[in-house]
Amino acid sequence: MSPAELDRQPTLTGERLLLQPLRADDWDALYAVAADPLIWEQHPASDRWQEPVFRAYFEDALAQGGALVVIDRASGAVIGSSRFQNLDPVDGGSVEIGWTFLARSHWGGACNAELKRLMLAHALASVERAVFRVGEGNRRSRGAMEKIGGRLTDRIDITQLPAGPARHVIYEIDRAAFAAGPLA
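Just so it is clear, the structure is predicted and the values come from calculations on it, not from any experiment.

Asks: Could you clarify how one ought to interpret the pattern of salt bridges in this entry?
Replies: Where charged atoms of side chains with opposite charge meet at close range, the side chains can pair. Under the criterion given, the structure shown has 12 salt bridges. Among the salt bridges present, the one from Asp25 reaches Arg23, with a minimum N-O distance of 2.9 Å. Classification of Asp25 by relative accessible area gives exposed; the value is 57%. Glu128 is the partner of Arg175 in a salt bridge, and the nearest nitrogen-oxygen pair spans 3.4 Å. Taken together, the residues Arg175 in helix H6 (residues 175-180) and Glu128 in the loop between helix H4 (111-123) and strand S6 (129-135) connect sequence positions 47 residues apart. Salt bridges sharing partners connect three or more residues here, namely Glu96, Arg133 and Asp157.

Asks: What am I meant to see in unusual backbone geometry here?
Replies: Trans is the common state for peptide bonds, and a negative phi is the common state for residues other than glycine. In the Ramachandran plot, Asn86 falls in the positive-phi region, its phi being about 55° despite a non-glycine side chain. Tracing the sequence through the fold places Asn86 in strand S4 (residues 78-88). We note that Trp99 has phi near 60°; this positive angle belongs to a residue other than glycine. Secondary-structure assignment places Trp99 in strand S5 (residues 94-102).

Asks: Even after reading the chapter, I still don't get the side chain of Ser81, so can you show me in this structure?
Replies: Tracing the backbone through its elements, the reader meets Ser81 in strand S4. Within the local environment of Ser81, its side chain forms a polar contact with the backbone oxygen of Leu68, the two atoms lying 2.9 Å apart. With residues near it in sequence (within four places) discarded, Ser81 still touches Leu30, Leu68, Val69, Val70, Trp99, Thr100 and Phe101.

Asks: I keep staring at the pairing of S4 and nothing clicks. Help me out?
Replies: Walk down a regular strand and you will see the side chains alternate between the two sheet faces. In terms of burial, S4 is largely enclosed, as eight of its 11 residues are buried. As judged from the five bridges shared by strand S3 (residues 67-72) and S4, these two strands associate in the antiparallel manner. Along S4, the bridge assignment pairs Ile71 with Val78. Following S3, the chain reverses through five residues before pairing antiparallel with S4; Gly76 in that reversal takes a positive phi of roughly 80°. Where S4 folds back onto S5 in an antiparallel hairpin, the turn is made up of five residues, including Asp91, whose phi is positive at roughly 55°.

Asks: Explain the nonpolar core here, please?
Replies: Across soluble globular proteins, nonpolar side chains show a tendency to be buried alongside one another. Core analysis: the biggest nonpolar cluster contains 47 residues, and Leu19, Leu30, Phe54, Ile97, Phe101, Met119 and Phe132 have the highest contact counts within it. Leaving out residues up to four positions away in the same chain, Phe101 has contacts with Leu30, Val33, Ala34, Ile39, Trp40, Phe54, Tyr57, Ile79, Gly80 and Ser81.

Asks: What is the right way to look at helix H1 (residues 27-34) in this model?
Replies: All buried positions along H1 are accounted for by Trp27, Leu30, Tyr31, Val33 and Ala34. Here the buried residues of H1 occupy an arc of 155° about the axis, which is enough to place them on one side. For H1, the exposed residues set more than 90 degrees away from the buried face come down to Asp28 and Ala32. Buried residues in H1 make contact with helix H2 (37-40), helix H3 (51-64), S3, S4 and S5.

Asks: How should I be thinking about H4 in this particular structure?
Replies: Three- or four-residue spacings in an α-helix give side chains the same orientation, since the helix completes a turn every 3.6 residues. A rise of 1.5 Å per residue sets the reference length of H4, with its 13 residues, at 18 Å; its end C-alpha atoms lie 18 Å apart and thus fit the reference within 8%. Residues of H4 that are buried include every one of Cys111, Asn112, Ala113, Glu114, Leu115, Lys116, Leu118, Met119, Leu120, His122 and Ala123, and no others.

Rules used throughout
Residues numbered from 1 in each chain as written. Predicted model: local features only at pLDDT ≥ 70, side-chain atom pairs only at ≥ 80, totals over all residues. Heavy atoms only, no water. Salt bridge = Lys/Arg side-chain N within 4 Å of Asp/Glu carboxyl O. Buried < 20%, exposed > 50% of the residue type's maximum accessible area, 1.4 Å probe, protein only. Helix = DSSP H or I, 4+ residues; strand = E, 2+ residues; numbered from the N terminus. Polar contact = N/O pair within 3.5 Å; in protein donor to acceptor, adjacent residues only side chain to side chain. Contact = heavy atoms within 4.5 Å. Pairing = 2+ DSSP bridges. Core = buried A, V, L, I, M, F, W, Y, C linked by side-chain atoms within 4.5 Å. Arc of directions from axis to C-beta. Expected span 1.5 Å × (residues − 1).

Just geometry here; none of it tells us what the structure is for.
The structure is reproduced here in structure tokens:
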């Protein structure tokens, strides 16, 4: 497959998780998860738990395409979301995996690794590498990236948020690194 053939809204099934394309009618269930301020406390957009801020985030996810809702297969409950964004065909292709959040009930276990493993396996069948933008001060997300084998690059991205500029560090996982070993 080529970068142009990457389906950015697949349905992916793992042992614990089901990922499905985000739909407008996922709002209630997803906002019930996102309304927890602790999910966002280290995030550059730390006010995303507020309904109007999350509404804009949700609408952007729908408009951009590539957004997935994360469902706990055991309970059938929506537990978070992630996205495939910024598909770039240059040098074998890359796609950003991110904008991810999970309910605190699913932190610290195997869910994030399974989520990223599913998304990476899907993406790396079409592109050479996946990139991850992480808020520079978001220790929790940076630790999670390192745990799954993300390689910190020397690139920095500065995004303008309503509260001001936010610095993001960039991690990568390429096809060879993903094939070399399992994610944590």
